[in-house]
Amino acid sequence: MPATASGGARPEEAAAAVIAPSASASAASCMGTRPEELTARLAAAPGAGCGGGGSGAGAAGVVAEHERVRALREIKNQIIGNRTKKLLYLRLGAVPAVVAALAEPGASPAALVQAAAAAGSFACGVDDGARAVLAAGAVGHLTRLLAHPDEKVVDASARALRMIYQSKLAPKFDVNNGKNMDFVLSLLNSENENVTELAATIISHSCENSAEQLSLFNAGVPQKLVSLFGGSMNLRDACLDSVTAVIRNNREVASRFASTDHGKGFRSVVALIHDRNPRTRLLACLCLIALGHASPCHFQDKQIKTKLIMVLLELIEEPGHVGDEAPLALTTLIKDSLELQKQALTTNAVEKLSNHLLANSLETRRAVTILLALSELCSKLEESRSQLMSVEVSTLILEALKHDWADIRVAACSCLKNISRSPKVLSGGRLSCDTVIGSLVQLLYDSSTSVQAAALGAICNIAINLTPKKSFLLHSGVVSQLVHLSKSMDPTLRLKSVWALRNIMFLLSSKDKDFIVKELTLSTLSSLICDPEHFVQEQSLALVHNLLDGYADSANYVIGEDGMVIDAITRQLNNASAPGVCIQGMFVLANIAAGNELNKEAVMNVLLPHRADRIKPSFIVNFLQSKDKQLRVATLWCLLNLIYPKCEASSGRVVRLQNAGVIQQVKSMINDPCLDCKLRVRMVLEHCVDNADDGFM
């Protein structure tokens, strides 16, 4: 029988000792077990690396094979669960020699078992190991050995392949290819549980798109997987994971799975959330979550949803991987769902998660996933935020901002971002204190871009809801660092830093707005308006919008200074970028047009520039024809401010707009389906009448 990592009986050694000459056996027993020696012995074995016969003749051949088995077993025993040893053997080049044993026609079953186990262990949990095993051609040899007459070789090969296919680096199976599908189905129909578990692992690894999911469903794979739920615990768990992969984010497949055989598969998965094994319960929960997201109509039972939440909260108390991942599953379940977040609140989810967090160390992955779950619970419900801030965990969150582990700092920032959605919590003073704001500002200098981005998210929300007390935030040094991050090569940092500046600018005093513009500079602002990322463009224009709002003289920043800002806006509007960019651009123009005659003329020159050829039509007509009602509303607001009747040059602007076909387009919108648009259309036409000569209309 093959030896295990913990040692045990080794009958193949005893057999070899009987046959081999005593001197050879004695010499073999004295050989060292240092990695360098083992690698050299294995590489020197007959047939190593060349695929030739390695059994030799007579007793000498038996001794050589015996030594290879010993070397393979020793290597396997040393590397199982030992990342350091794996990396050492990889540097020594042991993997090709291990895989060579799998390729050799004359290799004994004992050698094949040990080589397969070693190859699988090298691929498990170490990317470099997986690369080496794949590069040596192990997958082809192990797949061939699935047909070996010795059951132990088949078992070892299936287990090794399963470990290889758990790596993201392993090749994908194109199940849309008929031969590949037939191969997977043959594995799935095997009487060997290790082989069927391998089939489930391959499906989970390779099922990536809707076409593959549909092919697998049409081949009856989910039904077969459900039928295997009665097998061993490992097989059942692999099949659950595979079912999840087949239905994930696929409405058609999820719906058909839930309906097939009068919902037999669905009921089978639901039953497994009550299983005795914690990992099975977690995988069943994940499968039902995937089903609910893909096909909500088949996930309406409130009792099942409540049970899911309760099971996941119970699983948080489990040790190891299950307890670490349960909060993440809960986060996925309740994400963006007000209904489920309310249900979670009724099960005391905030209190239970908080208590667990307080009772255990922050030095764990579980602390990260619990913080993320708490963050999601606070994303929509004021009561959840109040509960979280009313317990000691609020202090723990502040401590987590200074934690050495970046993932903890990110999770803490995520919590603060959602807690600070509440003006009530902010006005209570807990998050407006210098400790919180100071810690977040410090995180903007963090070496991790993920931490910087998370801190920016929290600052964005605090800035928008901290309007009465913005002075502390403004003078905390945050503005200069936000300006610095707005020039980052990372588009996420640019986006969130500009977003934070936009929110800080909101309802700020004229003096403080001047301070931000001075720190930012008009040159940088112009560059951000023309950023390669349209989301950055949109937030930059929204920043200008907030600058102009309530501060008439700020229009000079936009149309003055050689017009670099207005020129940047003009370029973006003429390029007809993303709808959000156009909407914000038109609101900026509308704000400028609300000013004096100089401002209005500047806007007219953007909308209807003086061209000699007069060939290119104005973008404003296209905006009025847009399917986006917000863009139509923003454009109409701009027109209203341009032709306000009491302004001295309004009639001239009406004529220019009429000649450009703009007023004609407005007339065609008299029955616009959007009520807000319809109201603005009537107002524009009334202003035109007020401004025009009697015969104009």
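Just so we're clear, the structure is a prediction, and the values are computed from it rather than from any experiment. (Residues numbered from 1 in each chain as written. Predicted model: local features only at pLDDT ≥ 70, side-chain atom pairs only at ≥ 80, totals over all residues. Heavy atoms only, no water.)

Undergrad: Sorry, what's going on with the overall build of the protein here?
TA: When helices and strands are tallied, the protein shows 43 helices and zero strands. Counting across all 697 residues of the protein, residues that qualify as buried make up 52%. Counted over contacts in the protein with a minimum sequence separation of 6, partners at least 24 positions apart contribute 70%. (Helix = DSSP H or I, 4+ residues; strand = E, 2+ residues; numbered from the N terminus. Buried < 20%, exposed > 50% of the residue type's maximum accessible area, 1.4 Å probe, protein only. Contact = heavy atoms within 4.5 Å.)

Undergrad: Just to check I follow, could you spell out the packing of helix α33 (residues 522-529) against helix α36 (residues 564-574) for this structure?
TA: Helix-helix packing is described using two parameters, namely the angle between the two axes and the distance between the axes. Packing of α33 against α36 brings their axes to within 9 Å, and their N-to-C directions diverge by 0°. Between α33 and α36, the crossing angle belongs to the class labelled roughly parallel. Between α33 and α36, the contacting residues are L522, S523, L525, S526 and I529 on the first element and M564, V565, A568, I569 and Q572 on the second. Among the residues forming the contact of α33 with α36, the class breakdown is seven nonpolar, three polar and no charged. (Axes fitted to C-alpha atoms, helices over the stretch in contact; angles between N-to-C directions. Parallel < 35°, antiparallel > 145°, perpendicular 65-115°, else oblique. Nonpolar A, V, L, I, M, F, W, Y, C, P; charged D, E, K, R; others polar.)

Undergrad: What's the story with unusual backbone geometry in this structure? I'm lost.
TA: For N348, which is not a glycine, the phi torsion comes out positive at approximately 60°. Assignment of secondary structure puts N348 in the loop between α21 (338-346) and α22 (349-359). Since its relative accessible area comes to 37%, N348 is described here as partly exposed. The backbone phi angle of T521 is positive, close to 75°, even though this residue is not glycine. Relative to the assigned elements, T521 resides in the loop between α32 (510-520) and α33.

Undergrad: What is the right way to look at the layout of surface pockets in this model?
TA: Reported here for the largest pocket is a volume of approximately 830 Å³. Lining of the largest pocket is provided by 25 residues; of these, Q166, S204, D241, R279 and L283 occupy positions nearest its centre. Of all elements in the fold, only α10 (151-165), α12 (193-206), α15 (233-247), α18 (278-294) and α20 (320-334) reach the threshold of two or more residues within the lining of the largest pocket. Counted by class, the lining of the largest pocket contains eight nonpolar, eight polar and nine charged residues. (1 Å grid on protein atoms, 1.4 Å probe; cavity = no way out; pocket = protein on both sides within 12 Å on 5 of 7 lines; lining within 4 Å. Points joined across faces, edges and corners; volume = space filled by probe spheres on them.)

Undergrad: Sorry if this is basic, but what is going on with the packing of aromatic side chains here?
TA: Aromatic rings considered in pairs are described by the distance between their centres and by the relative angle of their planes. Throughout the structure, instances matching the rule amount to three aromatic pairs. Centre to centre, the rings of F619 and F623 are 5.1 Å apart; their planes meet at 50°, and the pair counts as tilted. Of the two residues, F619 and F623 both sit in helix α39 (residues 619-624), four residues apart, roughly one turn of that helix. Residue F619 shares its accessibility class with F623, and that shared class is buried. Aromatic ring contacts, followed pair by pair, group Y165, F173 and F183 into a single cluster. (Phe/Tyr/Trp six-rings, centres within 6.5 Å; stacked < 30°, edge-to-face > 60°.)

Undergrad: Would you take a moment to explain α22 for this structure?
TA: Along an α-helix, residues three or four positions apart point the same way, because every turn accommodates 3.6 residues. Of the positions making up α22, those classed as buried are A349, V350, L353, S354, H356 and L357. The arc that holds every buried residue of α22, seen down its axis, measures 160°, which confines them to one face. Where the residues of α22 are buried, they touch α19 (302-315), α20, α21, α23 (365-377), α24 (382-389) and α25 (393-400). (Arc of directions from axis to C-beta.)

Undergrad: Please explain helix α31 (residues 491-505) as it appears in this structure.
TA: For α31, built from 15 residues, the straight-helix expectation of 21 Å at 1.5 Å per residue is met to within 8% by its first-to-last C-alpha distance of 21 Å. Along α31, the residues classified as buried are L493, R494, L495, S497, V498, A500, L501, N503, I504 and M505. Contacts from the buried residues of α31 go to α29 (449-465), α30 (470-485), α32, α33 and α34 (534-548). The backbone nitrogen of T492 has a side-chain oxygen 2.8 Å away, supplied by the residue at the start of α31, namely D490. Downstream of α31 by a residue or two, L507 has a phi angle that is positive, lying close to 55°. (Expected span 1.5 Å × (residues − 1). Polar contact = N/O pair within 3.5 Å; in protein donor to acceptor, adjacent residues only side chain to side chain.)

Undergrad: Honestly, the pattern of salt bridges in this entry has me stumped. Any pointers?
TA: Side-chain pairs of opposite charge can arise whenever the charged atoms involved come near each other. For the structure on display, the rule yields 24 salt bridges. The closest approach of N and O atoms between K335 and E376, which form a salt bridge, is 3.9 Å. Note that K335 is positioned in the loop between α20 and α21 and E376 in helix α23, a separation of 41 residues in sequence. Given a relative accessible area of 47%, K335 falls into the partly exposed group. Judged by its relative accessible area of 8%, E376 falls in the buried class. Each of R34, E36 and E37 takes part in salt bridges that share partners, so that together they form one network. (Salt bridge = Lys/Arg side-chain N within 4 Å of Asp/Glu carboxyl O.)

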